[in-house]
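# Notes for the structure review
Residues per chain are reported as follows:
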Amino acid sequence: MKGDTDSIFLDTSIVIARLVHQPATKKRIRERLSKYDQSVTSLVVKQEFKRRLLKEAQYLLNQLNDKKSFAVVHRHIVDILPPQQARKRNICMEMLSTIFEGAKDPELTERAKRYLRQLLRVGLKDLDRSVDSLVWQLGCACAGYPVEEKVPYRRYEFGPEKCRRVAARCGVISFFEDHLDVVRDILKTLQSIPAGDKSAELNEAERFIDRAVADPSSICTMDPCLRVGDLLIALESLSVESFYTMNGKESQHLCRALNQTLIVRPKNPEHEDVLCQSSAAKWPAF
Amino acid sequence: MSYEPTGSAGTGVSSKGTLESFSPLVEKSGGDISGYVSLLGRQGPVVSSSPVPEKPRAYPGRSGAPARRDEIRRCLIKSTEAAGNLETYAAAGEKIELSNEGFRLRQLLDDLWELRSEREDNWGDLLNILQGALKQEEFERFSVDQCQAIHTIVADHLGAGAVGDDDIERSVELLRESGFDPWRGISGF
């Protein structure tokens, strides 16, 4: 914090929440960031922002074009997206909230479409401008592709999602090779977590590191920014002392391995951020 | 900046332990930004692709609606005037006038919204974003900087010819910089 630690790393969940979560959550995040001199994010966060938020925006735009009704799309999201896709459903529901009270359905439909179109067109640039710095050293090639509008309000292209398609330009292999010691530290931490406490993402990260350390040339074939984004983002955040996220489940272990302070923003804006100092012996479980 | 790297080995970045670890998005420090992926039209060797700037759709100038186009023109003049007045009242600390002028501007923007079919997509999109950002705001609390931002958006972006991509980007940036939420209209309650 100011006068103490002055940079904070924003995970994908925070970057998305800053754009489309409710005003009370945004306020909480603003208050947190105001305590630091610098907000930092990274290329893999940008790639996840594209995959998670902007693709949902495209999905909603398609639904609005198809059903031509804000209310019908709203119901469709509630009825169709299964509970297993809670994250997608929540993001869609946040984006389908509206402040235009009293407006009739056709107007709400049009306004939503206009917002979603501009989110797709300028969202990435707005993300860039909303932080002070961007960690680029990992060299995620997928993140470098802009969203391109092919047909207004209808068709958008997001660039590749699979690292193997841009392997010649992907920087993950050399980054891993340069940071093998840190990667091995993370592996040790992951191996020390009881099997029952390990999420599917952490299991995948463990398998990925095992294979990557044994054969770095295979890294791109495993599509790391698609499959083990949490791990890559943790590595990108290495030089920043504080890590800010809404998902403590994986970060609690990765931040420990990297000796970082973890700050978790609960979904309920009435609750305070959970601050887990790197120096504290014990953290709450997420 | 005084933070220390947290990792024992560092990221290759952390060993420097300074701002060099990041590539600043706003060139305050004059630092080297090579390596930054070019979405802002800057240097970026990692990926060579760059967005193809889309020309704004030509202002159609529909022949059947000259009266409505003239109505837009007049409404934009009044909106620019109202936005300018916001600045004046904010600077003078005239809260009631500030609020009254804010409501007047909001009504003028609503009038423009009714005429949106006469203009290009980007124009309607920008108007929508501006209306969303101003909804539920208390005008009495607006600072001079905020009023300036609104005045600039209305006068230089919404009211100055065809609205291009740059106009939208700059307006979103102005709203964010001045403490408004450009995405307020699609943010949950």
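This section reports on the structure supplied with the text.

### Details of the overall build of chain B
- From N to C terminus, chain B includes 5 helices and 1 strand.
- What you see in chain B, going N to C, is helices and strands ordered as β-α-α-α-α-α.
- Taken over 189 residues, chain B has a buried fraction of 37%.

### A short note on the environment of Glu97(B)
- Positionally, Glu97(B) belongs in helix 2 (residues 95-114).
- Sequence-wise, Glu97(B) and Phe139(B) are 42 residues apart; in three dimensions their C-alpha atoms are separated by 9.6 Å.

### Concerning the pairing of strand 4 (residues 148-151) of chain A
All names here are of chain A.
- Where strand 4 meets strand 5 (residues 155-157), 3 bridges bridge the pair, whose relative direction is antiparallel. Of the residues in strand 5, the one forming a bridge with Glu-148 is Glu-157.
- Taking the residues that link successive antiparallel strands as the turn, the strand 4-strand 5 hairpin has 3 residues, and the phi of Tyr-153 there is positive, at about 70°.

### With respect to helix 1 (residues 66-92) of chain B
All names here are of chain B.
- The end-to-end C-alpha distance of helix 1 is 39 Å, a good match for the 39 Å that 27 residues give at a rise of 1.5 Å each.
- Next to the buried residues of helix 1 lie helix 2 and helix 4 (144-158).
- At the exit of helix 1 stands Gly-93, carrying a positive phi of roughly 75°.

### Description of the packing of helix 3 (residues 43-67) of chain A against helix 4 (residues 70-80) of chain A
All names here are of chain A.
- Taken N-terminus to C-terminus, the directions of helix 3 and helix 4 make an angle of 125°; their axes are 9 Å apart at the nearest point. If you check the angle between helix 3 and helix 4, you find them oblique. Note on packing geometry: the crossing formed by helix 3 with helix 4 is right-handed. Residues Leu-60, Gln-63, Leu-64 and Lys-67 of helix 3 pack against Val-72, Val-73 and His-76 of helix 4.

### Side note on unusual backbone geometry
All names here are of chain A.
- The phi dihedral of Tyr-153 is positive, around 70°, even though this residue is not glycine.
- As for its position among the elements, Tyr-153 is in the loop between strand 4 and strand 5.
- Taking the number of C-beta atoms within 10 Å as the measure of exposure, Tyr-153 has 18 and is therefore partly exposed.
- Positive phi values are uncommon outside glycine, yet Asp-223 reaches one of about 50°.

### Comments concerning the nonpolar core
- In terms of nonpolar packing, the biggest core is built from 86 residues, with Val44(A), Ala57(A), Leu60(A), Cys140(A) and Val172(A) touching the most fellow members.
- The element contributing the most residues to this core is helix 3 of chain A, with 10 residues.
- Sequence-distant contacts of Ala57(A), that is, excluding residues within four places in its chain, are made with Met95(A), Leu116(A), Leu119(A) and Leu120(A).
- Grouped together as the second largest cluster of nonpolar side chains are 31 residues, Leu86(B), Leu112(B), Leu126(B) and Val163(B) included.

Basis of the calculations
Residues numbered from 1 in each chain as written. Chains lettered and ligands numbered in written order. Predicted model: local features only at pLDDT ≥ 70, side-chain atom pairs only at ≥ 80, totals over all residues. Helix = DSSP H or I, 4+ residues; strand = E, 2+ residues; numbered from the N terminus. Buried ≥ 20, exposed ≤ 12 C-beta atoms within 10 Å, placed from the backbone. Pairing = 2+ DSSP bridges. Expected span 1.5 Å × (residues − 1). Contact = placed C-beta atoms within 7 Å. Axes fitted to C-alpha atoms, helices over the stretch in contact; angles between N-to-C directions. Parallel < 35°, antiparallel > 145°, perpendicular 65-115°, else oblique. Left-handed = near helix turned anticlockwise from the far one by under 90°. Core = buried A, V, L, I, M, F, W, Y, C linked by C-beta atoms within 7 Å.

By themselves, these figures tell us nothing about what the structure is for.
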